[in-house]
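These are the residues of each chain, in order.
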Amino acid sequence: MTLHSLRLKFKKKHWIAISLVIAIGLLYWLSLPALLFNDPYSTVLNDRHGNLLSASIANDGQWRFPLTQQVPKKFAIALVQAEDKRFYHHPGVDFFALVRATQQNLRAWKIVSGGSTLSMQVIRLARKKKSRTFFEKIIELILATRLEWRYSKDEILSLYTTHAPMGGNVVGLEAACWRYFGRSTAEISWAEAATLAVLPNAPSLMHLGKNRLRLKNKRNRLLAKLSSSGYFDTLTLKLAQDEPLPESPLPLPRLAPHLLNRAIADGKSQQKITTSVEGSLQLRTTEILSDHYQRLKINGVFNTAAIIAEVKTGNVLAYVGNTLSGKENNEEVDVIAAPRSTGSILKPFLFAAMLNEGKMLPGKLWPDVPTLISGFSPKNFSKEFDGAVPAHAALIRSLNIPAVYELQEYRYEKFYDLLKNIGITTLSKPASHYGLSLILGGAEATLWDITGTYASLARTLNHYFETPGKNRYSKNDFHSLTYIANSKKAVEAKEETSWLSAASVYLTFDALKELYRPGEGSGWKNFSSTKKIAWKTGTSFGFRDGWAVGVNPDYVVGVWVGNADGEGRPNLTGTETAAPILFDLFSMLPGNAWFQAPESEMEKIAVCKKSGHRATELCNEVDTIKIYHAGLTTLPCPYHKKIFLSADQKFRVHANCESLSQMVEVSWFVLPPVEEHYYKIKHPGYHSLPPFRKDCSPTNTIALMDIVYPKYNSKVVVPIELDGSSGNLVFEAAHRNKDATIFWHLDGNFIASTKKTHKLALQPKPGNHILLLIDDSGESLSRPFSTISTR
C-alpha cells in the first residue's frame, strides 16, 4: 500500500470520526425535549402581596401549582442536604454518589440507594411511567448533563420543586405548603421545610393514619444534619423536632372563587395570576356580605355581590361575585359578570349628559304626571305623582316619569351611544329595541361595567386638575376596571373635551351626595355615613334586582342584591337591601376626600327658586348657584307669569273690564293644569290662579283646564270584566278653578257634568272618538282618541 493510499484512507476515517462526533453531539444536544413537562397545572390566584386567594385543581385531578420561580431558602437548603449535597458543584451527575450507591447496593444485594442527583430526579419526573432499569438510568445520566447545559442550578431546583410528588394528589412545594400547613412557602418553618424535603422520595409516608412515626424520624434526622452543618442552633433544633406533623390536608383558601373562574374564562387558565386585590379587604368584604346575607335570606333573597376598586387606576381591591349560600341557591354564579336589569342605576349618566349639553339646569322642573308616549306609559315606584319635580330631586328619589321626559328631550339614540362610549358593553340590540325604557331598566348591564363607569366619571373629574391649559381631557379615562396587578393603561394625548365634562360630573355627584333618601315602599331613610360619597340605588321591575353604587375621589363601590335565578321578592329594592351594604363597605375604606369643583368650567348665575330655570325679572324668589357654562343657553323661567288683579287681589281682571289705576300687577307661579292638579296635592303652599271677576271675560293667555286621560291620539284598550262584559274607561281632567263645572261630550253628545273631582267612567264603542270638555266659563278643550276591544 502506497503512502498516498494510506493518507487517503486516514482522511476518510478522519472525516467519518468527525461526522460521527458531530452526529453524536447533535443527538446529545437534541436529546432533551423543548418542553420538559407537559403536565396540566392548577390556576392560582394571588392578591397584590402574593398571598393565595383561590386555586383550582389541575385537569388531571392533582394540586399542581405553576412553576415556582423562586425556591424558599429554607426548603432549598433542606432539599440539597437531604437529596444532593454536591448539587451546586456537579455537572448533573454525582459520580461519587453513584460509586457509593453501587457499593451499598452490592453489599445489600438489593437497591437501597440510587445515587440520583436532583438533576437526574427532574429527568425522571419528566419521563413519567418509565421503568427503573439500568438502561433508563443511563438515559437519566445523559439527559441530566444536558439539563445542566440548558438550565441554571436555580432553574433546575425550581423545576424539581414544582413537580416533585408530595403525597396523595399534591404535587410541588407550593401546593403542599397550602394543603399541609395552610400557609405560603415564604412562611414555612425549618421543621416544615425538612418534612417536605424528605417527602418526595417517599410520598406514601404522608398519610393520615400510617407511617407517621417513620416520617417524623426521617424529618428529625435531616433537622439534626442541618443543625450540625450550622444552619441553626440546638435550641432551634429542639423546637423544630418537637413540631407535630400535619394531621390532615387542609382546604385551600376560597377567598375569591368567582374571580378565579373569571380569570380562567379570560384565558388565564393554568397560570399564577397576581391580582390587584387587597387580601384583607377581600376577606372583610366577604364577611360583611355574609352578615347581611343572614338578614336577607329571611326574605328569600340568597345572592349578593360587591366590588371595590381604586378610582385612579381602576384596579379592583375586592371582588365578591356571590355569597356562599349553597349550590341550591346558585352560589356558583358570578353576579358581577352577569347582565341584570339596571333599574334606575343609569339615571345619573343621563343627568350629567343633560347638564353637559346645556339642556337643563340641576333644579329644572320636569313633569311628574300620568304619561303615555307612543304606547309607553312609565310609572313611578310609588304609583303617585308630584305634578312637577326639580331634576336633582327626581334623581335622588329615582322618579321614573321625569327621567323619561329627560330622555325624550335628550333622545334615546344619543343616550344609547353615550352609554356604549363610557363603558356599558352589554347593549347588544339596537337603540330602537330599548327606546325610552332604556332609562328605567329596559336594558341589562353588569355590576362590573356599571361600577367601572362610575369610577370613570370620577377619574375624569380628578384628572381635570392635573393638566393646566385648555386640553385637560382624555377619553381613555373611560376604561374598564381591571383585576390584574400593575396592568398598563393606554396613554392618549389630552383633548379639549371628553364624553362628559368635569363640571357636569361634579354637579351630578353633588346632587348624589344626599344621605336622606326615599326608601322605596318604606318612607324616607336617613343613612348614616362619616364619609362624603356620591351614591345611587336602583330597583328592577318585579323586585328582582337591588343596586347601589357609590364613589368618592379615591374609591368606587358597587353592590348587587337579589336572586341569581331572577326570582323577585317583596321589598327587594336598592335602598332597602343594597344601600346598607354599600355604606358598611365604605366605612372600612380609608380617607374622607371630596371632589374639587372645576371652577374654570362653571358660571355663577341667578335661578328661579321655584322652577330651577334661569331667573327673570318676574321671579320673586331667587337663588344663586354655580352651573356648567353650557347651561347659560337654557331658557329663562317659563312658569312665572305677569297677571293683573282687582284692587282687593281676589280676582283676575284686564283692561277691558277694569281701569288701569285699579289693577294690581303681580308675578304668579303658574304650572300647566295637569301638573298643577297633582302639584298642589303635595305642595299645600301652592296657590292656583285667582278666577276672573264675573264681569271680566277670561283671556286665553293661560290654559284653565287640561285632559289627564286619555292622551292625544292614544289607543285605549277597553277592559273585560269577569262576566265577559265590557268594562269602563275612567277619563280624567284637571281644572285650575276648584269650583268649576266641566261638561263632558263624546262624539258631539252630552254625557255628564263634574265638579271638583273631574273623573268620569265611560263605555265608548271600539273605533275613533272625540272627547269635548266645556267649562262653565265657556272654555273648551277637545281630545281625539280611539278604543280597541279585546273581545
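Scroll up to find the structure this text is about.
Residues numbered from 1 in each chain as written. Predicted model: local features only at pLDDT ≥ 70, side-chain atom pairs only at ≥ 80, totals over all residues. Heavy atoms only, no water.

A.B. asks: Tell me what's going on with the pattern of salt bridges, and back it up with residues and numbers.
C.D. replies: Under the criterion given, the structure shown has 23 salt bridges. One salt bridge connects E409 with K364, and the closest N-O pair in it is separated by 3.7 Å. With E409 in helix α15 (residues 400–410) and K364 in the loop between α13 (347–356) and β9 (365–368), this pair connects stretches of sequence that are 45 residues apart. One salt bridge connects E599 with K626, and the closest N-O pair in it is separated by 2.8 Å. Remark: K626 occurs in strand β18 (residues 622–628) and E599 occurs in the loop between α20 (574–587) and β17 (602–608); sequence separation between them is 27 residues. When salt bridges that share partners are traced, they join E384, D386, R397 and K682 into one network. (Salt bridge = Lys/Arg side-chain N within 4 Å of Asp/Glu carboxyl O. Helix = DSSP H or I, 4+ residues; strand = E, 2+ residues; numbered from the N terminus.)

A.B. asks: Would you mind going over the pairing of strand β16 (residues 555–562) in detail, with residue names and values included?
C.D. replies: The buried fraction of β16 is high, at eight of eight residues. Burial along β16 is two-sided: the residues Y555, V557, V559 and V561 and V556, G558, W560 and G562 are all buried. Pairing analysis gives eight bridges linking strand β6 (residues 303–310) to β16, with the strands arranged antiparallel. Paired with A306 across the bridge in β16 is V559. Taken together, the seven bridges between strand β15 (residues 545–551) and β16 define a ladder with antiparallel strand orientation. Opposite A548, over in β16, you have V559 as the bridge partner. (Buried < 20%, exposed > 50% of the residue type's maximum accessible area, 1.4 Å probe, protein only. Pairing = 2+ DSSP bridges.)

A.B. asks: Let's hear about empty space enclosed by the protein: which residues, and what values?
C.D. replies: Scanning all chains against the criterion turns up two cavities of 30 Å³ or more. One number sums up the size of the largest cavity: a volume of about 60 Å³. Every residue along the wall of the largest cavity is listed here: K347, L350, F351, A391, A394, L395, L399, A403 and E406. Listed by contribution, the elements that provide at least two residues to the lining of the largest cavity are α13, α14 (391–396) and α15. Of the residues in the lining of the largest cavity, the class split is seven nonpolar, no polar and two charged. Lining the second largest cavity are L355, M360, L361, P362, L507, I627, Y628 and G631. Broken down by class, the residue content of the lining of the second largest cavity amounts to seven nonpolar, one polar and no charged. (1 Å grid on protein atoms, 1.4 Å probe; cavity = no way out; pocket = protein on both sides within 12 Å on 5 of 7 lines; lining within 4 Å. Points joined across faces, edges and corners; volume = space filled by probe spheres on them. Nonpolar A, V, L, I, M, F, W, Y, C, P; charged D, E, K, R; others polar.)

A.B. asks: Run through the state of the cysteines, naming residues and quoting values.
C.D. replies: With the rule as written, the count across this model stands at one disulfide. A disulfide-free cysteine, C608 has its sulfur positioned 3.4 Å from the sulfur of C619, the nearest such atom. This cysteine, C637, is not joined by any disulfide, and C619 carries the nearest cysteine sulfur, 3.9 Å off. For C637, a relative accessible area of 8% puts it in the buried group. (Disulfide = S-S within 2.5 Å.)

A.B. asks: So what's going on with the sheet that holds strand β1 (residues 44–46)? Residues and values would help.
C.D. replies: What the three strands build is an open sheet, ordered β2-β1-β5; its pairing is mixed. On the outer flanks of this sheet lie β2 (52–55) and β5 (272–274), each paired with one strand and no other. With direction set aside, neighbouring strand axes in the sheet form an average angle of 20°. Pairing geometry for β1 and β2, over three bridges, is antiparallel. Across the sheet, L45 pairs through a bridge with S54, a residue of β2. (Axes fitted to C-alpha atoms, helices over the stretch in contact; angles between N-to-C directions.)

A.B. asks: Before we move on, can you summarise the packing of aromatic side chains with the specific residues and values?
C.D. replies: In this structure the tally under the stated criterion is 21 aromatic pairs. Aromatic side chains W535 and F583 sit 4.9 Å apart centroid to centroid with 80° between the ring planes, which places their arrangement in the edge-to-face category. Placement of W535 in strand β14 (residues 534–539) and of F583 in helix α20 is noted, with a sequence separation of 48 residues between them. Here the aromatic cluster, defined as three or more aromatic residues joined through ring pairs, consists of Y639, F669, Y679 and Y686. Its guanidinium or amino end placed over the ring of F87, K153 lies 4.7 Å from that ring's centre, counting from NZ or CZ. Between the NZ or CZ atom of R472 and the centre of the ring of Y464, over which it lies, the distance is 4.5 Å. (Phe/Tyr/Trp six-rings, centres within 6.5 Å; stacked < 30°, edge-to-face > 60°. Lys NZ or Arg CZ within 6 Å of the ring centre and 35° of its normal.)

A.B. asks: Which residues make up the sheet that holds β6, and what values go with them?
C.D. replies: The strand order across the open sheet formed by five strands is β7-β6-β16-β15-β14, and the pairing between neighbours is antiparallel. The open sheet terminates on both sides in strands that have one partner only, identified here as β7 (316–320) and β14. For this sheet, the mean angle separating the axes of adjacent strands, direction not counted, is 10°. The strands touched by helix α12 (residues 279–296) are β6, β7 and β16; relative to β7, the strand with the most contacts, the crossing angle is about 35°. (Contact = heavy atoms within 4.5 Å.)

A.B. asks: I'd like to hear about a nonpolar patch on the surface, residue by residue, with values.
C.D. replies: A cluster of nonpolar side chains, namely F134, I138 and I142, defines an oily patch on the protein surface of about 310 Å² accessible area. Within the fold, I138 resides in helix α5 (residues 134–150). Relative accessible area serves as the criterion here: at 32%, I138 is assigned to the partly exposed category. (Patch = residues over 30% accessible without salt bridge, like charges linked within 9 Å, V, L, I, M, F, W, Y side chains within 5 Å. Areas by Shrake-Rupley, 256 points an atom, 1.4 Å probe, with all protein chains shown as cover.)

A.B. asks: An account of the environment of I336 is needed here, citing residue identities and associated values.
C.D. replies: Along the chain, I336 turns up in the loop between β7 and β8 (340–341). Remark: the alpha-carbon pair of I336 and I450, spanning 114 residues in sequence, is separated by 9.8 Å. Ignoring any residue separated from it by four or fewer positions in sequence, one finds I336 in contact with R262, A305, A306, I307, Y319, V320, G321, T446, L447 and W448.

A.B. asks: Quick rundown of the nonpolar core? Include the residues and the values.
C.D. replies: Counting residues in each nonpolar core, the largest one holds 90 residues, and the members touching the most others are F415, L419, L438 and F509. With residues up to four places along the chain from it excluded, the contact list for L419 reads L346, F349, I424, L427 and L438. One finds F37, A193, A194 and F232 within the second-largest nonpolar core, a separate group that totals 60 residues. (Core = buried A, V, L, I, M, F, W, Y, C linked by side-chain atoms within 4.5 Å.)

A.B. asks: Just give me the short version of unusual backbone geometry, but keep the residues and values in it.
C.D. replies: Residue P710 is bonded to the preceding Y709 through a cis peptide linkage, with omega at 10°. Within the element layout of this structure, P710 appears in the loop between β21 (705–709) and β22 (714–718). Unusually for a residue other than glycine, K383 sits at a positive phi of about 65°. With respect to the secondary-structure elements, K383 resides in the loop between β9 and β10 (387–390).

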